[in-house]
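Residue-level structural notes
Take a look at the letters that make up each chain.
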Amino acid sequence: MRSDHLASQLALLWEVDSGSNIRSVLSDEHSCLKRLMTLMDDDVSEHLETIKSFVEKGRDEILAKESIINAWLSCHEQRIKLIYGRSIGLPLVPPTGLSILHLSSCSITDGALASCVGGLTSLHSLSLKQIMDLTALPSEEVFQLLTALKFVSISDCWCLRSLGGLRVAASFSVLSLCFCPSLELARGAEYMPLSLGSLNIQNCILAADSLSNGLPCLKYLHIQDCRSSTSLSICHLTSLTSLSICGVQDLCFLEGLSSLQFLEVSLRDVPKLEGISQFRVQRDLCVSSSVLLSHMLSSEGFTVPVSLTLELWEEPSFSFEEPAKFSSVEELSLFACKMKSLARNLKCLSSLKRLYIHQCPNISSLPDLPCSLQRITIYNCDLLTESCRAPDGESWPKIAHIRWKQFR
């Protein structure tokens, strides 16, 4: 096990995770390791106490992340010695006709997993969660037998370094990778099936060329809370129609964006992202800052699509500075925004039919609304809900004529 490499990768992801996912995983790990402690060669009680101090909420003690990571690594090294040094388990032999297999929080080696799934020719879905002993998926020889396999989900497998022979899975379509800090994703697309249609990557570490080759069938790409290089190339993803990037703090450039046309794009909490003016969105656009939206609007010929969502908006206000470019908007959604007021010129959205406002606690009233509006929905906005209350609310006269109104 490459302990130093894993420690550095975990430390990198800790910064975007804020320790929340790590805390949850280590809570389960503490219970598992404590059960194995009496079988281990070395005494790990002090390390387990360090982990326990971190996972127990409400403790005043603040531990450095390096101390917590090293404590877990010390325990994990003893677990690996135990698993490979003794025969403490039984072979996993599932029914041959099994179509769905979910393995969670268990000790299973690379070879044991290959033996387990090798004969499952009807396997449709494989889910691996919190299997800390796993370092590589099975070989090409195994995946060639899994002709029905379409879906693989891997989460919280901290020591997984390789996707093995997954690329040869012929009918494969959906891959989800969540919090796999050791996973080598440089030129990662080359190790994924050509038939892949949907890819979800969360809390992993991306290289500039992770998606630069292959994946001619990929339509849906979601990247969230990852560490990355400053640039990410997506120019080869010629079938891509849906792109969602959230919480990727390092990303500055998306290479090849101008050559693609999307049905939907969501760009949230990507504070350094630039150079996004030259691309087209046909149906849905979601952004989290006026800077991102301004970059898009600066492109000649750019028009905001039918559906616009402002999510996690940190700025106190918003205005439609170029109303003509919003002429196609029929649906406007605000979700978890800190803004104190809606755009005063909201009335200029002449095609607007639906307005959704969810979890925006600082908005206290509505501006004048366009005559085209047919539906308004307000959820978890106490101040605004009170303002819209019939018959005496400040904003009630502005929505009284609207046919469909919903509050919660």
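Below is a summary of the structure that appears in this document. (Residues numbered from 1 in each chain as written. Predicted model: local features only at pLDDT ≥ 70, side-chain atom pairs only at ≥ 80, totals over all residues. Heavy atoms only, no water.)

1. Examining the overall build of the protein
When helices and strands are counted, the protein shows nine helices and 18 strands. Residue pairs at least 24 apart in sequence account for 44% of intrachain contacts in the protein once pairs closer than 6 positions are excluded. If you sum the accessible surface of the protein, you get close to 18,500 Å²; carbon and sulfur atoms cover 50% of it. Seen as two clouds, the 35 positive and the 43 negative side-chain charges of the protein have centres 7 Å apart. (Helix = DSSP H or I, 4+ residues; strand = E, 2+ residues; numbered from the N terminus. Contact = heavy atoms within 4.5 Å. Areas by Shrake-Rupley, 256 points an atom, 1.4 Å probe, with all protein chains shown as cover. Lys, Arg positive; Asp, Glu negative; His and termini not counted. Charge placed at Lys NZ, Arg CZ, Asp CG, Glu CD.)

2. Comments concerning the packing of aromatic side chains
Applying the stated criterion across every chain yields a total of six aromatic pairs. One aromatic cluster is present, formed by Trp313, Phe318, Phe320 and Phe326 through successive ring pairs. Lying across the ring of Phe54, Arg23 places its NZ or CZ 4.5 Å from the centre. Positioned above the aromatic ring of Tyr379, the side-chain terminus of Arg408 is 4.4 Å from the ring centre. (Phe/Tyr/Trp six-rings, centres within 6.5 Å; stacked < 30°, edge-to-face > 60°. Lys NZ or Arg CZ within 6 Å of the ring centre and 35° of its normal.)

3. Re the environment of Lys353
Here Lys353 shows up in the loop between β15 (331-335) and β16 (354-358). Through-space distance from the C-alpha of Lys353 to that of Ser372 is 5.6 Å; in sequence the pair is 19 residues apart. Lys353 has contacts with Glu330, Ser372, Leu373, Gln374 and Arg375, leaving out every residue within four places of it along the chain.

4. Quick look at unusual backbone geometry
Here the bond from Ala390 into Pro391 is cis, since omega is 0 degrees, no more than 30 degrees from zero. At Ser105, a position not held by glycine, the phi torsion is positive, near 50 degrees. Looking at where Ser105 falls in the secondary structure, it is placed in the loop between β1 (100-104) and α5 (110-117). Residue classification places Ser105 among the partly exposed positions, given a relative accessible area of 43%. Within the chain, Asn203 stands out as a residue other than glycine whose phi angle is a positive 50 degrees. Within the secondary structure, Asn203 is located in the loop between β5 (198-202) and β6 (205-206). In this structure Asn203 comes out as buried when scored by relative accessible area, which is 9%. (Buried < 20%, exposed > 50% of the residue type's maximum accessible area, 1.4 Å probe, protein only.)

5. With respect to helix α1 (residues 3-17)
Since one α-helical turn is 3.6 residues long, residues separated by three or four positions face the same way. Relative to the 21 Å expected for 15 residues at 1.5 Å per residue, α1 spans 20 Å between its end C-alpha atoms, a close match to the ideal helical length. Looking only at α1, the buried set comprises Ser3, Leu6, Ala7, Gln9, Leu10, Ala11, Leu13, Trp14, Val16 and Asp17. The elements touched by buried residues of α1 are α2 (20-36), α3 (45-55), α4 (65-85), β6 and β8 (227-228). (Expected span 1.5 Å × (residues − 1).)

6. Side note on the packing of α2 against α4
Following both chains from N to C, one finds α2 and α4 inclined at 45 degrees, their axes separated by 11 Å at the closest point. On the basis of their axis angle, the class for α2 and α4 is oblique. The two elements α2 and α4 cross, and the hand of that crossing is left-handed. Here α2 contributes Leu26, Glu29, Cys32, Leu33 and Leu36 to the contact with α4, which in turn contributes Ile68, Trp72, Cys75, Arg79 and Leu82. Partitioning the contact of α2 with α4 into residue classes produces eight nonpolar, no polar and two charged. (Axes fitted to C-alpha atoms, helices over the stretch in contact; angles between N-to-C directions. Parallel < 35°, antiparallel > 145°, perpendicular 65-115°, else oblique. Left-handed = near helix turned anticlockwise from the far one by under 90°. Nonpolar A, V, L, I, M, F, W, Y, C, P; charged D, E, K, R; others polar.)

7. Concerning the pattern of salt bridges
Taken as a whole, this structure holds 15 salt bridges when the rule is applied. With a closest N to O distance of 3.6 Å, Glu15 and Lys65 form a salt bridge. Pair noted here: Glu15 is in helix α1 and Lys65 is in helix α4, with a separation of 50 residues, a long-range link. Measuring nitrogen to oxygen at the nearest pair gives 3.1 Å for the salt bridge that ties Arg389 to Glu386. The class of Arg389 is partly exposed, set by a relative accessible area of 44%. Salt bridges here are not isolated pairs; linked through shared partners, they connect Glu15, Lys65, Arg227 and Asp250. (Salt bridge = Lys/Arg side-chain N within 4 Å of Asp/Glu carboxyl O.)

8. Section: the environment of Arg2
Tracing the backbone through its elements, the reader meets Arg2 in the segment before α1. A residue is classified by how much of its surface remains accessible, and Arg2, at 48% relative accessible area, is partly exposed. Taking the C-alpha atoms as reference, Arg2 lies 42 Å from Phe335; in sequence the two are 333 residues apart.

9. What about the pairing of strand β4 (residues 174-178)?
Among the five residues that make up β4, four are buried, leaving the element largely enclosed by the rest of the structure. Sheet topology note: the strand β3 (residues 151-155)/β4 ladder contains five bridges and is parallel. In the sheet register, Ser155 faces β4, and the bridge partner there is Cys178. With five bridges connecting them, β4 and β5 associate as parallel partners. When the bridges of β5 are listed, Cys178 appears paired with Gln202. (Pairing = 2+ DSSP bridges.)

10. So, the side chain of Glu311
Within the fold, Glu311 resides in strand β14 (residues 307-311). According to the relative accessible area criterion, Glu311 is buried, its value standing at 15%. In contact with Glu311, not counting residues within four places along its chain, are Arg268, Cys286, Val287, Ser288, Phe335 and Cys337.

11. Considering α5
Those residues of α5 that sit buried are Leu113, Ala114, Cys116 and Val117. Angularly, the buried residues of α5 cover 160 degrees about the axis, an arc narrow enough to put them on a single face. Its buried side turned inward, α5 meets β1, β2 (125-129) and α6 (140-143). (Arc of directions from axis to C-beta.)

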